[in-house]
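If you want the building blocks of each chain, they are given just below.
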Amino acid sequence: MEYDPIFTKTPSSFGQRWFMAIIALIATGLALYLGLYQWRMIPSAYDPLFQDGTMRVLDSDVSHTITRWIRIPDAMLGVLAYLSDAIFAMAGSDQRWRDRPWLVMIFGIDVIPLGIVSIVLVILQGTVVGHWCTFCLATAIVSLLLILFSYNEVWTSIVYLYHLWQQTRSRREVWNAFWGSPSDAALKAAVKTLKELPRHAPRMQPSFRWIDHWPRILEIMIGIWLIFQATWFEASLPKTSYLGILVIALAAGSFLKPFRRLHTLQCLIAYILLWRSYTAPVTPLPIVVQTDILVALLLGMIALLPAPI
């Protein structure tokens, strides 16, 4: 496998990733607008090109079927998908293609397959539903852009690991490099993969900077939401206050170096929220329970991000 780098510098450059994060956040806002209509928090959904096309799409049988399957509006699932694109786009250093290939692969899985699904769903609007939605088309264009801009980074990480396998024929060496463990063989493979990488380039070493711990700050904000959401929604449902306190405690504990992986336990909290939400004996689920599903999925993704990033 030969590889001629597309870029003259790292494919994990912050400039490219900031662009992806910004357009993903724009798509998040558009999907949130559509989701609020599906939740009937706003009376109508404006469409600048197709008149009432947006509302016809969002109220279509296809949309209702998807909502019955996942138990939340399909537009709200789009909110989660695009928000996770933005989060994973900004996670890691500008050398993450070689320092944390696992993170690049998660980003690729989040962007590429889900982006293709988004594009297919938009095509179904015209072919099955018979109507078009301007904002849905806009989010599909964002999905296509995210796929185009993320491809090179994902491919570079794959080729890097392949070069390492060619050199060592060691599954352990490749496995360790996948998780970011430094070695001389891994450095040689990285130099071979990206020609502009200096041959003496050191591996990125973690250092404590508050800005690097933004995933933990997001977790603390989620914890605060879980503590007060029942009050905000005025819902007489099982309380999530104790789970919110646990989230905040685990996130705060991860700031201490001996416990820097403590935040991964929040995956258990995410599972508890999902299990309790999907086993709720009411149909359709109240909005506050649907929110728990979104929060659980978001928390589970953020908990995967290491500290420091």
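Residues numbered from 1 in each chain as written. Predicted model: local features only at pLDDT ≥ 70, side-chain atom pairs only at ≥ 80, totals over all residues. Heavy atoms only, no water.

Participant: Even after reading the chapter, I still don't get the overall build of the protein, so can you show me in this structure?
Facilitator: When its secondary structure is counted, the protein shows 13 helices and 0 strands. Going from the N terminus to the C terminus, the protein shows its helices and strands as α-α-α-α-α-α-α-α-α-α-α-α-α. Burial analysis of the protein (309 residues in total) assigns 50% to the buried set. Taking the contacts inside the protein whose residues are at least 6 apart along the sequence as the reference set, 72% of them involve residues at least 24 apart. Total accessible area computed for the protein in this model is approximately 15,700 Å², and 69% of it derives from carbon and sulfur atoms. (Helix = DSSP H or I, 4+ residues; strand = E, 2+ residues; numbered from the N terminus. Buried < 20%, exposed > 50% of the residue type's maximum accessible area, 1.4 Å probe, protein only. Contact = heavy atoms within 4.5 Å. Areas by Shrake-Rupley, 256 points an atom, 1.4 Å probe, with all protein chains shown as cover.)

Participant: I would appreciate a short explanation of the pattern of salt bridges in the present structure.
Facilitator: Pairing is possible between side chains that carry opposite charge, provided their charged atoms lie close to one another. Applying the stated criterion across every chain, the model contains 5 salt bridges. In this structure, the salt-bridge partner of arginine 96 is glutamate 153, at a minimum N-O distance of 2.6 Å. Highlighted residues: arginine 96 in helix H5 (residues 96–99) and glutamate 153 in helix H7 (residues 134–168), separated in sequence by 57 residues. For the pair arginine 96 and glutamate 153, one class covers both residues: buried. (Salt bridge = Lys/Arg side-chain N within 4 Å of Asp/Glu carboxyl O.)

Participant: Any chance you could explain helix H4 (residues 74–90) here in plain terms?
Facilitator: Since there are 3.6 residues in each turn of an α-helix, residues three or four apart along the chain are aligned in direction. Along its 17 residues, H4 runs 25 Å from first to last C-alpha, staying within 8% of the 24 Å computed at 1.5 Å per residue. By the criterion of burial, H4 is predominantly enclosed, with 13 of the 17 residues buried. Within two residues after H4, glycine 92 carries a phi angle of roughly 100°, on the positive side. (Expected span 1.5 Å × (residues − 1).)

Participant: Sorry if this is basic, but what is going on with the nonpolar core here?
Facilitator: Buried together is how nonpolar side chains tend to be arranged in soluble globular proteins. The biggest cluster of nonpolar side chains holds 48 residues, and the ones touching the most others in it are Leu146, Ile222 and Leu298. In terms of residue count, the dominant contributor to this core is helix H13 (residues 287–302) (10 residues). In this structure, leucine 298 is in contact with Leu80, Leu83, Ile87 and Ile222, ignoring residues within four places of it in sequence. Grouped together as the second largest cluster of nonpolar side chains are 14 residues, Trp97, Val104, Met105 and Ala185 included. (Core = buried A, V, L, I, M, F, W, Y, C linked by side-chain atoms within 4.5 Å.)

Participant: Sorry if this is basic, but what is going on with the state of the cysteines here?
Facilitator: Summed over the entire model, instances satisfying the criterion amount to 1 disulfide. Disulfide pairing is shown between cysteine 133 and cysteine 136; the S-S distance is 2.5 Å. Residues cysteine 133 and cysteine 136 share a disulfide whose torsion about the S-S bond is about 70°; that sign makes it right-handed. According to the relative accessible area criterion, cysteine 136 is buried, its value standing at 8%. (Disulfide = S-S within 2.5 Å.)

Participant: What is the right way to look at the side chain of serine 157 in this model?
Facilitator: With respect to the element layout, serine 157 can be found in helix H7. With relative accessibility at 0%, the residue serine 157 sits in the buried group. Excluding residues within four positions of it along the chain, serine 157 makes contact with Trp97, Pro101, Val104 and Met105.

Participant: What exactly am I supposed to notice about the packing of aromatic side chains here?
Facilitator: For the structure shown, the criterion picks out 8 aromatic pairs. Seen in terms of ring centroids, tryptophan 97 and tyrosine 160 are 5.7 Å apart; in terms of plane orientation they differ by 80°. Their pairing is edge-to-face. Remark: tyrosine 160 occurs in helix H7 and tryptophan 97 occurs in helix H5; sequence separation between them is 63 residues. Grouping residues by exposure puts tryptophan 97 and tyrosine 160 together as buried. Aromatic ring contacts, followed pair by pair, group Trp102, Trp175, Phe178 and Trp179 into a single cluster. Sitting above the plane of the tyrosine 37 ring, arginine 40 keeps its charged end 4.4 Å from the centroid. Of note, arginine 96 hangs over the ring of phenylalanine 107, and the distance from its end group to the ring centre comes to 5.0 Å. (Phe/Tyr/Trp six-rings, centres within 6.5 Å; stacked < 30°, edge-to-face > 60°. Lys NZ or Arg CZ within 6 Å of the ring centre and 35° of its normal.)

Participant: I keep staring at the confidence of the model for the protein and nothing clicks. Help me out?
Facilitator: When pLDDT is low, close inspection of the predicted coordinates is not appropriate. Across the protein, pLDDT averages 84, with 87% of residues at or above 70. Within the protein, the element-level pLDDT minimum falls on helix H9 (residues 184–193), averaging 83, and the maximum on helix H1 (residues 14–38), averaging 94. Contacts from residues 1–7, a stretch scored under 50 in pLDDT, to residues over four places away or in other chains number 18 contacts. Within the model, pLDDT remains below 50 along residues 204–208, and this stretch shows 8 contacts once partners closer than five positions in the same chain are excluded. (pLDDT = per-residue confidence, 0-100.)

Participant: Would you take a moment to explain a nonpolar patch on the surface for this structure?
Facilitator: The grouping of Ile116, Val117, Val120, Leu121, Leu124 and Val128 at the surface amounts to a nonpolar patch, some 470 Å² of accessible area in total. Structurally, leucine 124 can be placed in helix H6 (residues 101–129). (Patch = residues over 30% accessible without salt bridge, like charges linked within 9 Å, V, L, I, M, F, W, Y side chains within 5 Å.)

Participant: Whenever I open this one, unusual backbone geometry confuses me. Can you help?
Facilitator: Backbone phi values are negative for most residues with the exception of glycine, while trans is the configuration of most peptide bonds. At arginine 40, a residue that is not glycine, the phi angle is positive and equals roughly 60°. In this structure, arginine 40 sits in the loop between H1 and helix H2 (53–58). On the basis of relative accessible area, arginine 40 is assigned to the partly exposed category, the value being 49%. Positive phi, close to 70°, is recorded for arginine 71, a residue that is not glycine.

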